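The lines below spell out each chain.
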Amino acid sequence: MNCISESNFDEKYERYKSLIFRIGIVYLGNRSDAEDLMQDVFVKLFYKAPKFFSAEEEKAWMIKVTVNCCKNMCKSYWKRKVELTCTFDDIPDLTKADQMVLEELAALDPGYRTVIYLHYMEGYKIVEIAEMLKLSPSAVKMRLSRGREMLKTSLREEFI
């Protein structure tokens, strides 16, 4: 068992809680699922985290585990059979425009949603996203391009 110390865990929890919660809200669409996701990810961090050689490597691992946990949650029977509405009232400091963009982003397919979020909201480069999600850089570029077009279309309709 590869446990980290309690004080080290507390530090990592404070560092990554908002990142994991935001990814969970965008990917899963509701607060309760995002909170469940946070618990799953931090349990994995506590018991299964490898030794990290840099803060960026650790953050990339956290994002990769978060996205994988989101995918697993979406495969569950409950998630496939029950449609919950997405609200972003739980994310602090969101403007009305940000909230509209996130709502449109949440309506996209998870493949597009994830790469757009990581690129524009978290600031990752295409190569980094490709490594995290085990995709080719060209696949990430294509998902970004298609996702942007879908967002443009849906946001344009919103304002017309």
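The coordinates are above.
To start, this report covers the structure provided alongside it. (Residues numbered from 1 in each chain as written. Predicted model: local features only at pLDDT ≥ 70, side-chain atom pairs only at ≥ 80, totals over all residues. Heavy atoms only, no water.)

## Considering the overall build of the chain
Each helix and strand in the chain was counted, giving eight helices and zero strands. Every one of the 160 residues in the chain was classed for burial, and the buried ones make up 39%. With an accessible surface of roughly 9700 Å², the chain has 53% of that area assigned to carbon and sulfur atoms. (Helix = DSSP H or I, 4+ residues; strand = E, 2+ residues; numbered from the N terminus. Buried < 20%, exposed > 50% of the residue type's maximum accessible area, 1.4 Å probe, protein only. Areas by Shrake-Rupley, 256 points an atom, 1.4 Å probe, with all protein chains shown as cover.)

## Things to note about unusual backbone geometry
Although it is not a glycine, Lys134 sits at a positive phi angle of roughly 55°. Among the structural elements, Lys134 can be located in the loop between helix H7 (126-133) and helix H8 (137-159).

## Quick word on the pattern of salt bridges
When charged atoms on two side chains of opposite charge get close, those side chains can pair. For the structure shown, the criterion picks out eight salt bridges. With its nearest N and O atoms 2.4 Å apart, the salt bridge here joins Glu11 to Arg15. Here the residue Glu11 and the residue Arg15 both occupy positions in helix H1 (residues 6-28), the gap between them amounting to four residues, near one helical turn. The class of Glu11 is partly exposed, set by a relative accessible area of 41%. In this structure, Glu122 engages Lys59 in a salt bridge whose closest nitrogen and oxygen atoms are separated by 4.0 Å. Residue Glu122 is found in the loop between helix H6 (110-121) and H7, and its partner Lys59 is found in helix H3 (residues 55-75); the two are separated by 63 residues along the sequence. A relative accessible area of 15% means that Glu122 is categorised as buried. Overlapping salt bridges, with partners in common, bring together Glu11, Lys12, Arg15 and Glu58 in one network. (Salt bridge = Lys/Arg side-chain N within 4 Å of Asp/Glu carboxyl O.)

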